[in-house]
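Architecture at a glance
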Amino acid sequence: MSRTSEDSVDRRLVEVAEKLQVANDTLQITQVRLNQLSNEPDVDEDNLDGVAATALALSCREDGLPVSEHDIEKAWSETLDSADNEVTISHQQLEAVGSYLDIDEVPPHPNALVKGFGEAVEMPENMINVAHRLLYDCFEMNPSVIASGTSPAATAGAVLSLAASVNDREQSYGQDALGKVSGTNEVTIRNRREVLEDLLGEDRLQDDRYRVGPDAPATDTTEQSTAADGAGTTEPPTEQTGSRTETAESGEESQGTAETEGSEFLETVRSMYPDELPTTESVAEAHDASTDAVSAALAELSTSGTIQQKRAGSVTVWVPAEQDAVEADLTVDAVETEVDALVEDLDIGASTRLLARGMVSDAVDNVGVEDAAELAGAVIVAAARMEDLDTDTVEVAELREFEPRVITQRLDTLEETVDVEIPRRDADEIIGEVADELGLSEALREESLTSLERYDGDEEYTPAELGAGAVMFAATVNATELDVGAVSAISGADPDHITDAMNSVVVSLCLGLVRGDIAYEDCSWTTELLESELSPEIGDSYTGRVIALTKTYTAGREARYVDDGTLDIVLGEE
């Protein structure tokens, strides 16, 4: 399998993981697994995307992240060039990929764990739903906290315990019982719950959306404890029967009221769209209802497929299910709203805001409303550069959930669609930015700048690619571990192009040395060549031949320069 194909799939993996808010540790283990899977004889270019998506699903399950296979399928399919190239993840695929990775059994989805453990301790369904809500909210706030748990089972038990706690039902659904059904223990559940409580905060846990109300029947403590121990259940006292019947009837009435409200909220969404993008706040304002109640009701409708929940930059919007795509005018509104929010966060002037907003209407072609933040970031960076402001891609990207390279890629498209000339960073500026962001040594920075100054290649690279390539070369000859993905994220250049640029720098400097254009005494990397720090395996075969020739030249023949004609013959360039 070609290195390019594998790198392309890896880029799609990173893109999907970012979109679905997958924790970094989960992404990294999936990248390691992708490298392992690409060496399997049954895995080729035709099925690598499906295998990689399935590996991501397995990693998410193992780390307890509530990411559905459907969401992974949809997000991954959207990264593919052709609409015919859809990715699907079946249970059989999970088993097959799991066997390649020595995973004996497909891990259960965290939602299934929450539901199963809740039912095992006879927790009412509406309280189990609260536990699901707590899990998703924790995941949204910090995916790494979920992924770093001792086990998905412990996390599932913890959110059930937390759901019982916020509803004053801890006596009914104790941590000891949840520890037993989850295969952990009381201490583990308690410790894990404390972490999640700290993450959400006391104020947030007071929200009504975590309350089940008086309609949730309380299970008898003695009966619950007995059932959790695996023994037979105890019949409740006769006098409680009437009370439980009344409670059940009350619950049915409450459920009917909730369904009525949900239906009304749905009609409001449909009436607003497409004149405006319905948000939780606008629907709540229309009904004079709390945003928590509206959010919970709309989320239930989204789960049932009645409406679509989308992110419009940093805002959640609700779109009728029958709509295939958001109207262009509404996407413009969403991007402009996001521009205003970013301008405020960045504390930049009104003229920059107006210039950025002026580009939006021409730039929204083929842009989904969920990408509003990315496009807003790009037009703000473009406007700032056009006004000579010191606003960079890293600073803007840090305010939202995407990497700086996303803005750089959108700037390329923006120049074409809006027909403006956007000032770009020079290669030496790229080197400085990468060095600053990654905390690289001054020696490595200087080596990068020197390599760039001496570069005399014929290939055409963007300043971002060439600057990043020079940094990677300097890191290689300075024996410094540097991830090309991290350099790509800061520079905005594609990892493949960075590697190509680095190889071009290697070839240019080596040929400059053997021709005599660069003095041997001025090269800090010749020792590394002699010690094989730069292997002939680097780059393509031509790069390898150039390095081998340079090794021969530096082995005692420093003063015997080689002319271009001889180089062409030796290197096969007749």
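Residues numbered from 1 in each chain as written. Predicted model: local features only at pLDDT ≥ 70, side-chain atom pairs only at ≥ 80, totals over all residues. Heavy atoms only, no water.

Enumeration according to the criterion identifies 18 salt bridges in this entry. Across the salt bridge formed by K74 and E78, the nearest N and O atoms sit 2.9 Å from each other. Of the two residues, K74 and E78 are both situated in helix α4 (residues 69-79); the distance of four residues between them amounts to about one turn of the helix. K74 sits in the partly exposed class, given a relative accessible area of 44%. R353 is paired through a salt bridge with D340; the nearest N and O atoms lie 2.8 Å apart. One end of the pair, R353, is in helix α17 (residues 350-363); the other, D340, is in helix α16 (residues 328-346), with 13 residues separating them in the sequence. (Salt bridge = Lys/Arg side-chain N within 4 Å of Asp/Glu carboxyl O. Helix = DSSP H or I, 4+ residues; strand = E, 2+ residues; numbered from the N terminus. Buried < 20%, exposed > 50% of the residue type's maximum accessible area, 1.4 Å probe, protein only.)

Among the secondary structure elements, A163 is positioned in helix α9 (residues 152-166). Note: C-alpha distance between A163 and Y210 (47 residues apart in sequence) is 7.2 Å.

With respect to the helices, strands and loops of the structure, R61 is situated in helix α3 (residues 48-62). In this view, R61 contacts E69, L94, V106, P107, P108, H109, P110 and P152; residues no more than four positions away in its chain are not counted. (Contact = heavy atoms within 4.5 Å.)

Attention now goes to helix α14 (residues 280-287). Looking at α14, one finds that the buried residues are T280, S282, V283 and A284. The first or second residue beyond α14 is D288, which carries a positive phi of 50°.

This next bit is on a negative patch on the surface. Together, D42, D44, E45 and D46 make up a region of like negative charge exposed at the surface. Assignment of secondary structure puts D44 in the loop between α2 (24-37) and α3. (Patch = residues over 30% accessible without salt bridge, like charges linked within 9 Å, V, L, I, M, F, W, Y side chains within 5 Å. Areas by Shrake-Rupley, 256 points an atom, 1.4 Å probe, with all protein chains shown as cover. Lys, Arg positive; Asp, Glu negative; His and termini not counted. Charge placed at Lys NZ, Arg CZ, Asp CG, Glu CD.)

Turning our attention to the confidence of the model for the chain. Low pLDDT means the predicted atomic positions in that stretch should not be read closely. Per-residue confidence for the chain gives a mean pLDDT of 78; residues scoring 70 or more make up 80%. Between residues 215-258, whose pLDDT stays under 50, and residues either more than four places distant or in other chains, the model counts 39 contacts. (pLDDT = per-residue confidence, 0-100.)

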